[in-house]
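# Coordinate inspection notes
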Amino acid sequence: MAQFKKYTLALVFLSQLLLQNTGCQKEYSCESCDSTIILIDSLILPPPPLVIYDFPQCDLCKPGDGITLSHWNFKSGNSFFCGLIGDAGLSPDKTAFTFFGPSACSIDTGLVMTIYLPIAFDTDKYNVTTTKIAFFYYDHFGPRDIFLSLPEKLFTVNIVSYIKSTGIVTGTFRGIVFKPNGDTTFVDQGNFIVNLK
């Protein structure tokens, strides 16, 4: 029993000694150094890696190609996106319309746009501009949309023409969108031709 107390006492003494001599502060000492110079820690961490997601090039989407009925396209950075408009509709009061459709390069991604108009589209209209837009470039398998417009950043649609007899709307768009990580990017040179009938 005396032996047990002896080892216990030694263990307590050693743990107290170790706890007193540990610390996180770095100590600088130099007998012949100028004490007015502030020493800076010499540990320099490399910058975090820059992650750039570049969309693969797709032969079906080329910036020089024109836009045709029931199609959309836009550019972001060096990437060009395009696709088919699968469905579209005009609201009953004719002050908003939505269209959507998959990307030509991936059936898992696509575009959805809802455009709120400042005037009713009850007659032919030309050069109507609005900033009330819901723009989504979605990914069926991602946790969030690839690009998403939000009201706090400017996104503009210009309706070049709406012809009531045919229901065809031709428009352009551009603006700031959010990426899944919260960063912003710019969507530019956007075009669509959609039939609202």
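In what follows, the accompanying structure is described. (Residues numbered from 1 in each chain as written. Predicted model: local features only at pLDDT ≥ 70, side-chain atom pairs only at ≥ 80, totals over all residues. Heavy atoms only, no water.)

### Here we look at the pattern of salt bridges
To keep things clear, this is the line we draw: Any carboxyl oxygen of Asp or Glu within 4 Å of a side-chain nitrogen of Lys or Arg constitutes a salt bridge here. A simple rule labels every residue: compare its accessible area, found with a 1.4 Å probe on the protein chains alone, to the largest value its type can have, and call it buried under 20%, exposed over 50%, or partly exposed in between. Only DSSP runs of H or I covering at least 4 residues are called helices, and only runs of E covering at least 2 are called strands; the numbering of each starts at the N terminus.
A complete count under the given rule lists two salt bridges for this structure. For K125, the salt bridge goes to D122, with nearest N and O atoms at 3.9 Å. Since its relative accessible area comes to 15%, K125 is described here as buried. Judged by its relative accessible area of 37%, D122 falls in the partly exposed class. Note that D188 and R174 form a salt bridge whose closest N and O atoms lie 3.1 Å from each other. Separated by 14 residues along the polypeptide, D188 in strand β11 (residues 184-195) and R174 in strand β10 (residues 168-178) bring together distant segments of the chain. On the basis of relative accessibility, which here comes to 24%, the residue D188 falls in the partly exposed class.

The values are spatial; any link to function lies outside them.
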